[in-house]
Structures are given as C-alpha cells and as structure tokens.
Amino acid sequence: MVRTGSTVKVSGAIYRSLLCAMLYAFHPALHAIDNFSFSGFGSLGMGKINRDDVKFMGYDDSWSFRSDTMLGLQAQADISDRWSATTQIVSRGFNFDDTSDFEPTLEWLFASYQVSPEARIRFGRMRTPLYLLSESLEVGYSYPWVRPPVDTYTFLLTSLSNFNGVDLSTNVDFANSDLDIQVFAGASQGKYIDFDLDFYALFGANFKYHWNSLTLRYGVTIAKTDASSASLDPIIDAYQQFAPLDPIFAELADSHSTEGAWFQYHGLGLQWDYGHWSLIAEQYATLGPNEDFANDSYGGYISLSRQIGRFTPYAVIGYYKNVFSDDISTLITQSEAIIPPGNIPQLDGLRKIDQQVASQFDEDGRTYTLGLRYELFTQAALKLEVEYFDSNALMSGDDLDQKPDETVLTSIVIDVVF
Amino acid sequence: MGVICKFPGVKPLLRQTGLALNTLYVVVLCMLPMTSWAELAVIVNPQNPVEDLSAREVTKLFLGRLRMYPGTDLETEVIDQQEDQPAFRDFYHQLVRMNQSKLMRYRASYLFSGQGNLPTELPDEAAVKRYVASHINAIGYIDVSAVDDSVRVIHSVNSK
C-alpha cells in the first residue's frame, strides 16, 4: 500500500556511518576547507479546521501552532573547486511517522562533485526528486502557498522524501532552450502512520525543459517496496486460524502486506511565469502492482497567482484519487464460494470487517484553495489561506466514510529564509 | 533610429501603422527604457580565458544553473551587488527577467534544494570591480561607465 509517508528517521547508526564515510572521503582535503556557509529556513504556522470529528495534518477545531511550524538548517562546505558537501537538518512540529514533535532529523548529507560545466554527481542522502517541488518541499518562502498542494504532496512524499544513494545531473543546451537531465539510484525506508515501508531499490530519471520563463518537467521513479502495518496483524492472525480449512485463507492473510512489489511514480509538471502572473500545474500517477495491499493513486493541481506589489493572491484547485487493489475483495468473494456466509459467524464477521478496511482505501476528493501572500520584507512572507475539502480522503479519524464530507481549513503562516 | 531595432514589437508596430504618424511614439518608446535603465557591463578578470558570453549563458551563471565557464575547466565565482543597489534591480530585470521577490523565491528554492551556493554579495560597484580584478574565477556586473583596464567586459546588457 502506498499512500505512504514520513521522513526516514535518522538512526544514530546511519548518521554516524554517513558522517564517517564523508570524513574519510575528504580527509586529505579537510584542512583545505575555507568556505563554510550556513543558512536556514523556517515557518511559523497556525491553523484550524471547522469541525471536531476529524483531523487534518494534526489540525482540529481549535487554533494550533504545530502542524505547519518547522525549522531547517543547512551547512555547505566547499572542499575544493569541484568538491562540496551539504547537510540539512529539519525539525518539524508535525510528522507522519513516530518522530517526536520538533525532533531534529537529518534530511541530507551529501557530497557533490562537479564533473564538467554541465555535469555533476552527488553521493549520500538527498531529497527524492519525485515531483516539481519535491526538493524544496518545506521551504515555504519559495512558493506562493502555505504548503504545497496537499492532493499531490502531503501523503505520498513523506517517507519517500529522502533516499540514500547517488545522482547524476547534466544539462543539454539548445539554441533558445535547455534540458536538465537527472538520473538517480538508491534506497529509502520509513514509516507512515502505522505502515512500515522499505523502498530497498529505487531508480529514477527527471527531465526538466526550460524555455524562457516556461518550465516543463517529467519525472519517473520506480521503487521495489515492502509495506506492512501492525494494525492489520489482527486480521492477518484471524485469517491464519482459518488456513487449515482452505489455502485461500492463507492467501488472504498474505494479501495484507506487500513484498518486493515495484511501484512507479510518474509526475508531469508545468511552471509558467508571464509578467506578474504565475501558473503552476502538476499531474501525477502512482502505479502499484495491482495486487496484495497496494493501490494506484492519481492526483494533480493547477495554481494561478498574480503579484501586485507586495501582495500575491492565489487560487488552487486540486484532486486526488486512490484506487485500491481488488485482490482482497476478489479473494473474499472466492472464499465465500468455498465456505458460504452463515456457516462460521466469526469468519463472516472477519470478512465483513476486512471488506470495510479495504474499501476505506478507495477514496477520492477535491480541494479548492484561496490565499494571499504578503512580502513582509526581503526574506519573510506572510500567508493567509482558506482551503475547502469536498471529501474525507485526506482527513484522519475513525469511521471517516460515515461522517460528513466537507471540511474547511484556515491557515496563517510566516515563512522566513536566513 | 538604429536604436529602434533593439525593442521587439516596435518594428511591427511601425510597419502596421505608418512611419510618419508614429515617429513620435517610437521615439518616446525608445527613450523610456533608455532613461530608466542603466547600461551594464558583465565583467570578468582579464586573465579569464573565455572570450565572450551570451545573454543566456550569463543568465544561467547568475541563476546557478551553470557553475563553470562554458568550454573551460574554470569554476565560476558569481559576485552580486546588494539588493538596494540600482544596478541589482536593472541587471535582474533586464537580463534575467525577474523582479526582486521572484528572484528571492527562486534563490531560496535553489539553495535549500541543495543545488549549490548563492552568489557572493558585495556592497557596491566599486567593491565588485576590485574583487573581479583580483580573482580569476569571478564574474560580476557594473555600470558601463565604471569599466576600466582592471577588468574585462564579457557581455553588455544593453547591446545584445
């Protein structure tokens, strides 16, 4: 299942080994570091939704300062003319995994080597460049909105947001335009709410075409994925108890996790600046193996903004659709042919609950956002935003399918860079 | 009247509407940008092996999308002026086609997506010229009237 998320929590061991590797790699050059730079970005946000029976990103019906508040620090060192090292540590008020609030996590630690005027290679932990804004996802100052459009960015990206590996980028110049090409390979793992995710082989390529103020982008990433959730263990255990009756129940138990399945992430993006107008649009498709506990998902958004002096009003329309693999419901139907309902009450109950669980992952929704960005000063912006959700697809809470669909989220954020 | 050709759109306008009637407008159109924008010189160290750079190459260098001088193995060191300097506004408006807030947003996303360093910022034109004169990697921009033998012009912003 791949409505996934959450940053890879830095275990001390990984951090130490990466650090050691880098120190080792650059030891002869360490004395030559003459150019260190530190910088940072941060957001102080507050928000609330108009109801108390669901939550969105930790927001409920009273004002909270937590979910959009974060701080990032970055250090860069030029080790030689061509070698540099970059690290970034981010502390967030809200996490989709089990990271404590505001616990600093190591987002990046990579070394970069400039091969030629066009080509560069990087090693270490980096941002996974899934979509147009993935690499600067949390730098609120850099985009018009309070947060990147949630239909595309909120859930999918968090546990896949980093990877450990290598990337190579180059630029091809044409007469009046040029193309950035990036290829990467590595691995990642993480947690999204109660799902454990292991992306143990990850490959991707991006193509970014620039012509004047128009940017077009296509990116594809494929990841061999294991996914499982402890919350499904009771269902798995229950099916195992019926396994002696027929092998189909062992198959049903197995279908509640995903092992070694290839998932594909495709993203098309467009950014166009015309005078004071700016148009950003993206469309993505995540394609799973269409079996076991997996899903396909689709989404996108279109955003239009216009700068008027210090003000930039904006409007965004987004959508999101999750199509859950029908493996489980097919298997349940087949098992009903073998042991029809009415024979074992416990089995009937189990199949009913399981159908409900599976159907929760078939969901879709739209969002409509209106907001205003105001440049406070050169390195700070204030944003006010109202977002309307027409479904509970992106909400968290119990029995979401039995609750009213509409939610309004109001947010205010101050973004700074320094 | 040779100046007219530098402004796209003026020639078609001329053709469409007839020269005599519109000469005045054309003159006014030409004079407005000429008076409000300074003519800038993109300068490098005299030792720099690169002969000249196109507008697109300069733009890419200042946006950090090109990190070495084209056709060389020489790293660039991009020198910027402070935002309150008139040359800063003129340079990014005329050459890069970005206003200040757009540029700041671009740079935030560039820096914090790990693409590389931002330009070194110096307080004024004199400091930029001094720096470029003494650093072989450096590239900066100054008003054309401030150019002297200590630096070499590699691109002129008003005479593309």
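Structure shown above.
In what follows, the accompanying structure is described. Residues take numbers from 1 onward in each chain, read along the sequence in its written order. In the order they appear in the text, chains get letters beginning with A and ligands get numbers beginning with 1. Owing to the predicted nature of the model, reporting of local features is limited to residues with pLDDT of at least 70; listing and counting of side-chain atom pairs is limited to 80 or more, with chain, interface and lining totals taken over all residues. Heavy atoms from the whole structure form the basis of all side-chain values; hydrogens and water molecules are not counted.

Considerations on the overall build of chain B
Secondary structure counts use DSSP, requiring at least four H or I residues in a row for a helix and at least two E residues in a row for a strand, with both numbered from the N terminus. What chain B contains, in helices and strands, is 6 helices and 5 strands. Starting at the N terminus and walking to the C terminus, you meet the elements of chain B as α-α-β-α-β-α-α-β-α-β-β. Residue burial in chain B is summarised as follows: out of 160 residues, 48% are buried. Whether two residues are in contact is decided by their heavy atoms: any pair within 4.5 Å suffices. Pairs at least 24 residues apart make up 69% of the contacts formed inside chain B by residues separated by at least 6 positions. The Shrake-Rupley method, run with a 1.4 Å probe, gives the accessible areas here. Residue values count only the displayed protein chains as cover. Surface summary for chain B: the accessible area is close to 7,800 Å², and the carbon and sulfur share equals 57%. A simple rule labels every residue: compare its accessible area, found with a 1.4 Å probe on the protein chains alone, to the largest value its type can have, and call it buried under 20%, exposed over 50%, or partly exposed in between.

Remarks on the overall build of chain A
A count of helical and extended segments in chain A gives 6 helices and 16 strands. Of all 418 residues assigned to chain A, the portion counted as buried reaches 52%. Of the roughly 17,800 Å² of accessible surface on chain A, 60% is carried by carbon and sulfur atoms.

Description of the pairing of strand β1 (residues 40-44) of chain B
If a strand is regular, its side chains alternate between the two faces of the sheet. Residues and elements named next belong to chain B. Burial of β1 is extensive: 5 of the 5 residues sit out of reach of the surface. Pairing between β1 and strand β4 (residues 138-143): 5 bridges, direction antiparallel. Following the sheet pairing, V42 is matched in β4 by Y141. Whether two strands pair depends on DSSP finding at least two bridges between them.

Observations concerning the pairing of strand β15 (residues 380-389) of chain A
Residue and element names in this part refer to chain A. In this sheet, β15 lies alongside strand β14 (residues 363-377) in antiparallel orientation, the contact comprising 10 bridges. Note on β15: the bridge partner recorded for F377 is A380. Pairing geometry for β15 and strand β16 (residues 407-417), over 10 bridges, is antiparallel. Within β16, the residue paired with Y388 across the bridge is V408.

Quick word on the environment of P148 of chain A
Residue and element names in this part refer to chain A. Note on placement: P148 falls in the loop between β5 (120-127) and α2 (150-153). Residue P148 is classed as buried on the basis of its relative accessible area, which comes to 8%. Residues P148 and S134, spaced 14 residues apart in sequence, show a C-alpha to C-alpha distance of 9.2 Å. Discounting residues that sit within four places of it in the chain, P148 has contacts with L137, Y143 and Y153.

Considering the environment of L372 of chain A
Residues and elements named next belong to chain A. With respect to the helices and strands, the residue L372 is situated in strand β14. Relative accessible area serves as the criterion here: at 29%, L372 is assigned to the partly exposed category. Contacts of L372, omitting those with residues within four sequence positions, involve F311, T312, P313, Y314, L382, K383 and L384.

Section: the interface of chain A and chain B
Contact with chain A, which involves 41 residues of that partner, is made by 27 residues of chain B. Throughout, the accessible surface (probe 1.4 Å) given up by two parts as they are put together, summed over both, is called the buried area. Interface of chain A and chain B: buried area, both sides summed, is about 2,700 Å²; carbon and sulfur atoms make up 45% of it. The largest share of the area that chain A buries against chain B comes from P117, R120 and T378 of chain A, three residues that together contribute 19% of it. Only one rule defines a salt bridge in this text: a Lys or Arg side-chain nitrogen within 4 Å of an Asp or Glu carboxyl oxygen. Where chain A packs against chain B, one counts 6 salt bridges. Across the pair D178 of chain A and R65 of chain B runs a salt bridge, and its minimum N-O distance is 2.5 Å. Polar contact is defined as a pair of N or O atoms within 3.5 Å, subject to the rule that within protein one atom must be able to donate a hydrogen and the other to accept it, and that residues adjacent in sequence are counted only when both atoms are side-chain atoms. Summed over the shared surface of chain A and chain B, the result is 20 residue pairs in polar contact (both at pLDDT 80 or more). Taken together, the elements giving at least two residues each to the side of chain A that touches chain B come down to β1 (35-49), β2 (70-78), β4 (104-114), β5, β6 (162-173), β7 (177-192) and β14 of chain A.

Side note on a nonpolar patch on the surface
On the surface, a nonpolar cluster with roughly 470 Å² of combined accessible area is contributed by L44, F65, L376, F377 and I414 of chain A. Within the secondary structure layout, F65 of chain A lies in the loop between β1 and β2. A patch is a set of surface residues, each over 30% in relative accessible area and not in a salt bridge, joined within 9 Å for like charges and within 5 Å for the nonpolar side chains Val, Leu, Ile, Met, Phe, Trp and Tyr.

A short note on the environment of F207 of chain A
All names here are of chain A. Position of F207 relative to the elements: it lies in strand β8 (residues 195-211). A relative accessible area of 33% means that F207 is categorised as partly exposed. Leave out the neighbours within four places in its chain, and F207 touches L179, D180, I181, L216, R217 and Y218.

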